[in-house]
Amino acid sequence: MNPMGPESAGAKAFYVTTPIYYVNDAPHLGHAYTTAAADVLARWHRQRGERVWFLTGTDEHGQKIMRTAAANGFSSQEWCDRLVEESWKPLWEHLDIANDDFIRTTQKRHADRVQEFVQDLYDKGEIYKGGYEGPYCVGCEEYKLPGELLDGEGEYAGRKLCPIHKKPVEILSEENYFFKLSEYGDKLLAHYEANPDFIQPESARNEVVNFVRQGLQDLSVSRSTFDWGIPIPWDPKHVIYVWVDALLNYATAVGYNENPQKFESTFPADVHLVGKDILRFHAVIWPAMLMAQGLPLPRKIAANGWLMVGGEKMSKSNLTGIKPQDLTSHFGVDAYRWYFLRAIAFGQDGSFSWEDLTARYTSELANDYGNLASRVAAMVGKYFGGTLPEAMADGEAEKAIHDGLVAAVAEADRRIGDELDFQGGILAVFDFIKQVNGYLTEQEPWKVAKDGSEGARARLATILYTAAESLRAVAILLNPVMPETSQKLWDSLGAEASLGALADQKVQEAAWWGKLPAGTTVTKGAVLFPRLEEKAQP
Ligand code: MSP
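A quick note: this is a predicted structure, and the numbers were derived from the prediction, not measured.

Concerning the environment of F432
Here is step 1 of the chain: By the secondary structure assignment, F432 is in helix α15 (residues 422-443).
Here is step 2 of the chain: Residue contacts for F432: discarding those within four places in its chain leaves I401, G404, L405, A408, S470 and V474.

Quick look at the structure:
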């Protein structure tokens, strides 16, 4: 937990969220992808010295969960409790996800506030009673427009399919309550226009703008044919539509209608990270709900692409058979956190392959990065008895390293912290690692060491100080992505004693040359990225 929660005084927290996930099953690689990205972003901003609030959680109401629970012989609540405690929370802990809060939509703190929000909209005349009949996809928990459905083939011949789940839709006919979403089209378009960064990436923004331009329909916000949900306060035969219930988690978790100080110092979100499958809910319905209440809108909705399997979105029904734990037990948690952000441009779809992860692990993590760290520690041990020497005389080669670091820090900070370009930011750091490797290859400290002269000794000290000081910065820059190995490196450089905890090191100051004082004890700690044992994909 973050010790400086939003309750503490001061500026508004940097507030980042993941979607709250359906607990109809255990988390898979796709869910972990969005969550790891959010965690890296949260950690990055913490290392900028900002107050951060990072929220994740679970979405527990609706027909999809109710049916799964029943099919497994559980009550809906028991099913949710079990999955949250046995699958979801343990995975996030395993993956070193440092969220500040975990909201569950079945919690009273959420349900009570949702009822108040919806009642308030009703009192303001934003919600009315009506009837609707149309195709509904339970997988999406969403009414579909007839035009977007696919024609079924094979076992589904003659039926209409959801374009995302490729399963037949159901025709629902209900009397229920509607939110006047259709009245918000122009206001939404004006907001997108005035805030070009509101939806990221550009392709996602264009999709939403085109969708809204076609005209919005009012949104059914209640269901009366099942009861697994939060009752409509003025008409409890109805439950609140699961998406309205779920979106409100971003407000209820930070004190909406309950703790004004916490709410004002946290809300709205700076970034809602979402998969592109749920973009419209976040970029259309959610802002319209907030407009209707006169609440401020989030700063940014960032849509990530899909992890694909065989050309389809990875989902419960088409998993690769590889669980996050299968990867972490072979490659380690840090390599796992790093890989998806490194390999896939954020916002685009990407495929995962065991071979690709193996190749990148070996060349980039173990060879480029891990070897550099162990070589430098070994040489400080061998030539200076493990005490970091002072740089005696920086020359052109050292100046190039200093400049390279300044550029890497600025680029990584802009790309990860501002642009959510995780791949670009990670590459900036790894390019710097390559530069330091190149520097050592050129300077050949092992040869300099053989020359017994005074001048050569000073030269050797300068080279090794330069490499170690570069690694100090690398540990800081990679800490949000790979906290476990970064800490190992920090320990091996003996940095904690003079510079303090790694997580307290500011990104902006990472390039200040000379921070790591000469005289620290450098030890050859555990290998950062051990060689992979021969093991086939499970
Ligand atoms: N409960 C809703 C979200 C409510 S938010 C107010 C929901 N849940 S979900 O369990 O289906 O998770 C959806 C999110 O998981 C996606 O938006 C995405 O962030 C992540 N992913 C699930 N499968 C994924 C891939 N195959 N690839 C990338 N991300 C994926 O929708």
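Section: the state of the cysteines
Here is step 1 of the chain: Counted according to the given criterion, the structure contains zero disulfides.
Here is step 2 of the chain: As a non-bridged cysteine, C80 has C137 as the owner of its nearest cysteine sulfur, 19 Å distant.
Here is step 3 of the chain: For C80, a relative accessible area of 0% translates into the label buried.
Here is step 4 of the chain: Its sulfur unpaired, C162 is 3.7 Å from the next cysteine sulfur, which belongs to C137.
Here is step 5 of the chain: C162 sits in the buried class, given a relative accessible area of 0%.

Thoughts on the site of the ligand
Here is step 1 of the chain: Lining the immediate surroundings of the ligand are 26 residues, of which I20, T34, D59, L307 and M314 lie closest.
Here is step 2 of the chain: Between the ligand and the protein, one listed contact pairs a nitrogen atom with a backbone N or O atom of I20 at 2.8 Å.
Here is step 3 of the chain: Backbone polar atom of Y22 to an oxygen atom of the ligand: 3.0 Å apart, as the coordinates give it.
Here is step 4 of the chain: Coverage of the ligand by the protein chains reaches 96% of its 670 Å² of free accessible surface.
Here is step 5 of the chain: Here the shell around the ligand is composed, by residue class, of 14 nonpolar, nine polar and three charged.

Quick look at the side chain of S222
Here is step 1 of the chain: Looking at the secondary structure, you find S222 in strand β11 (residues 222-223).
Here is step 2 of the chain: If we skip the residues at most four places from it in the chain, S222 touches E174, N176, Y177, I232, H238, V239, I240 and Y241.

Section: the packing of helix α11 (residues 324-331) against helix α13 (residues 354-384)
Here is step 1 of the chain: Two elements in contact, α11 and α13, have axes whose closest approach is 12 Å; the angle formed by their N-to-C orientations is 30°. By the angle between their directions, the pair α11 and α13 is classed as roughly parallel. Where α11 crosses over α13, the handedness of that crossing is right-handed. On α13, the residues that touch D326, L327, H330 and F331 of α11 are W354, L357, T358 and Y361.
Here is step 2 of the chain: In the contact of α11 with α13, the residues fall into five nonpolar, two polar and one charged.

With respect to the sheet that holds strand β10 (residues 219-220)
Paired through their backbone hydrogen bonds, the strands of a sheet run either parallel or antiparallel.
Here is step 1 of the chain: Strand order in the open sheet formed by four strands is β5-β4-β8-β10, and the pairing between neighbours is antiparallel. Where the open sheet ends on each side, the last strands, each with one partner, are β5 (142-143) and β10.

Thoughts on the packing of aromatic side chains
Here is step 1 of the chain: Scanning the model with the defined rule gives 32 aromatic pairs in all.
Here is step 2 of the chain: Seen in terms of ring centroids, Y122 and W234 are 3.7 Å apart; in terms of plane orientation they differ by 5°. Their pairing is stacked. Taken together, the positions of Y122 in helix α4 (residues 108-123) and W234 in the loop between β11 and β12 (239-240) put the pair 112 residues apart, joining distant regions of the chain.
Here is step 3 of the chain: Ring geometry for Y361 against F529: centres 6.0 Å apart, planes inclined by 90°, an arrangement best described as edge-to-face. Residue Y361 is found in helix α13, and its partner F529 is found in the segment after α19 (495-499); the two are separated by 168 residues along the sequence.
Here is step 4 of the chain: Positioned over the ring face of F102 is K89, at 5.1 Å from the centre of the ring.
Here is step 5 of the chain: Cation over ring: K313 sits above W306, and NZ or CZ is 5.6 Å from the ring centre.

Let's talk about the environment of G404
Here is step 1 of the chain: Locating G404 in the fold gives a position in helix α14 (residues 396-418).
Here is step 2 of the chain: Overall, the relative accessible area of 15% leaves G404 in the buried class.
Here is step 3 of the chain: Separated by 120 residues in sequence, G404 and V284 place their C-alpha atoms 43 Å apart.

Quick notes on the sheet that holds strand β16 (residues 312-313)
Here is step 1 of the chain: The mixed open sheet is built from three strands, whose spatial order is β16-β15-β17. Of all strands in the sheet, those with a lone pairing partner are β16 and β17 (350-351), marking the two edges.

Focus on helix α17 (residues 454-478)
Here is step 1 of the chain: In this model, α17 (25 residues) spans 36 Å end to end at C-alpha, consistent with the 36 Å of a helix rising 1.5 Å per residue.
Here is step 2 of the chain: Most of α17 sits out of view: 20 of its 25 residues are buried.

Examining the pairing of strand β4 (residues 127-137)
Here is step 1 of the chain: Where β4 and strand β8 (residues 170-179) come together, ten bridges link them in antiparallel fashion. Within β8, the residue paired with Y128 across the bridge is F178.
Here is step 2 of the chain: In this sheet, β5 lies alongside β4 in antiparallel orientation, the contact comprising two bridges. From the neighbouring strand, Y136 faces β5, where its bridge partner is Y143.
Here is step 3 of the chain: Between the end of β4 and the start of β5, which pair antiparallel, lie four residues, with E141 showing a positive phi angle near 50°.

Cut-offs applied
- Residues numbered from 1 in each chain as written.
- Predicted model: local features only at pLDDT ≥ 70, side-chain atom pairs only at ≥ 80, totals over all residues.
- Heavy atoms only, no water.
- Helix = DSSP H or I, 4+ residues; strand = E, 2+ residues; numbered from the N terminus.
- Contact = heavy atoms within 4.5 Å.
- Disulfide = S-S within 2.5 Å.
- Buried < 20%, exposed > 50% of the residue type's maximum accessible area, 1.4 Å probe, protein only.
- Near = heavy atom within 4 Å.
- Polar contact = N/O pair within 3.5 Å; in protein donor to acceptor, adjacent residues only side chain to side chain.
- Areas by Shrake-Rupley, 256 points an atom, 1.4 Å probe, with all protein chains shown as cover.
- Nonpolar A, V, L, I, M, F, W, Y, C, P; charged D, E, K, R; others polar.
- Axes fitted to C-alpha atoms, helices over the stretch in contact; angles between N-to-C directions.
- Parallel < 35°, antiparallel > 145°, perpendicular 65-115°, else oblique.
- Left-handed = near helix turned anticlockwise from the far one by under 90°.
- Pairing = 2+ DSSP bridges.
- Phe/Tyr/Trp six-rings, centres within 6.5 Å; stacked < 30°, edge-to-face > 60°.
- Lys NZ or Arg CZ within 6 Å of the ring centre and 35° of its normal.
- Expected span 1.5 Å × (residues − 1).

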